[in-house]
Amino acid sequence: MFVPDPVMSIAIDASRDDQGRMQKALRRFQREDPTFRVEVKQDTNETVISGMGELHLEVYCERMRREFKVESLKTGEPKVNYRETITNKIAYEYTHKRQSGGRGQYGKVMGYFEPIPEEEHLDDKEGIEFVNKLIGHDIPPSYVPAIEKGFRNATSKGLLTGSPLINMRCVLEDGASHEVDSSAEAFQAAAQGAFDNFYHDANPVVLEPMMAVEVTFPSEFQAQALQSLNTREGSIQSTKAVSSDTSLVEALVPLRRMFGYSSDLRSVTQGQGEFSMEFREYSEMPQQRAEELIAEVRRRAREAADAIAIQLRGAQRSLLVVASSDRTK
């Protein structure tokens with residue numbers, strides 16, 4: 001059974017007294033719905049739920065409050081699950097080499113990265129294809145799985161927004177090894193280094209989830225309903241009458257522009273409009289929007305780094321105080 005990747009995530013939290021009920025609810029929802037995902041972020045220890053849209057997650061949050069009595073449930077800002085991909089074919093050649101006394105590390109990989117054409121897009125979850133075109137044994141076959149693992153680990157976090165890559169092919173054509181210094185770890189690092197050093201040369205872009213949106217409303221509000229979609233960067237696909245006084249519009253709309261749409265639609269249709277949406281595809285994000293997103297990601301990364309630096313300085317001062325106190329005793 002094909003289960004689509006979630007397209008929206010929000011952070012949730014509850015008081016200590018409600019944690020047990022919240023976890024019980026999350027386990028049940030996961031058993032009931034394969035499109036509902038739960039993840040605990042290791043770096044922040046926050047619980048993140050992911051699903052197919054704003055309404056999807058709102059329903060589960062409301063169920064936690066009503067059915068499971070998680071009255072202290074709080075939600076964080078919704079987060080859209082972006083993707084990245086490359087648009088140009090680019091050759092790579094990278095050598096990972098370290099020598100610091102004793103056995104070193106050595107691994108050299110050569111090949112190319114290329115975008116997978118639309119007609120060949122992969123259905124698997126990772127969306128990354130690894131192709132081994134090695135001839136001969138310049139790289140022992142036992143190291144090839146480590147190279148593939150290195151590429152797959154690297155493509156799990158793009159260098160523009162930190163989002164996973166899709167529709168990219170990593171081809172290994174040649175390389176070199178050392179009798180003593182080569183290892184699986186060295187070749188895995190070589191694959192990571194090749195990705196990091198050549199990724200930007202492949203003209204990467206940010207992809208965003210596009211939603212197929214169906215809106216039904218009284219025909220008298222057709223102009224307002226169409227305008228509500230146009231202002232959200234929607235692309236109207238069709239408009240048709242479903243009865244003598246009801247119309248339906250089908251549109252493709254970026255998920256990032258669908259937040260709060262239910263309130264907007266109710267407002268322009270006097271509470272009589274309804275809509276549904278489902279994930280359609282990932283599409284290249286407009287350049288200006290992508291640049292804004294990349295700038296925001298980098299700003300948050302700087303703030304996180306600054307916060308860690310402040311914590312480290314505080315810890316260092318505490319250690320100095322303790323050491324000084326010990327010397328005066």
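Residues numbered from 1 in each chain as written. Predicted model: local features only at pLDDT ≥ 70, side-chain atom pairs only at ≥ 80, totals over all residues. Heavy atoms only, no water.

1. A look at the UniProt feature "domain: Elongation factor EFG" (unreviewed entry) in the protein
The UniProt entry lists residues 205–293 under the feature "domain: Elongation factor EFG" (unreviewed entry), expressed in the numbering used here. In residues 205–293, the share of helix is 27% and the share of strand is 46%. The end C-alpha atoms are 12 Å apart. (UniProt positions renumbered as here; feature names shortened; annotations may be inferred. Helix = DSSP H or I, 4+ residues; strand = E, 2+ residues; numbered from the N terminus.)

2. Details of helix H3 (residues 144–155)
Here H3 spans 17 Å end to end across 12 residues, near enough to the 16 Å set by a 1.5 Å rise per residue. All of the buried residues in H3 are Val144, Ala146, Ile147, Gly150, Phe151, Ala154 and Thr155. Taken end-on, H3 shows its buried residues confined to a sector of 165°, consistent with a single buried face. At its buried positions, H3 is contacted by strand E7 (90–98), strand E8 (105–115), strand E9 (128–132), strand E10 (168–176) and helix H4 (184–198). (Expected span 1.5 Å × (residues − 1). Buried < 20%, exposed > 50% of the residue type's maximum accessible area, 1.4 Å probe, protein only. Arc of directions from axis to C-beta. Contact = heavy atoms within 4.5 Å.)

3. Some remarks on the sheet that holds E10
Taken together, the 4 strands give an open sheet; going across it, the order is E7-E8-E10-E9, and neighbouring strands pair in mixed fashion. Edge positions in the open sheet fall to E7 and E9, since each of these has one partner strand only. Neighbour-to-neighbour, the strand axes of this sheet turn through a mean angle of 25°, independent of strand direction. In this sheet, E10 lies alongside E9 in parallel orientation, the contact comprising 5 bridges. Counterpart to Asn132 in the pairing with E10 is Leu172. Sitting on the sheet, H3 is in contact with E7, E8, E9 and E10, with an inclination near 155° to E9. Running at roughly 45° to E8, H4 makes contact with E7, E8 and E10 of the sheet. (Pairing = 2+ DSSP bridges. Axes fitted to C-alpha atoms, helices over the stretch in contact; angles between N-to-C directions.)

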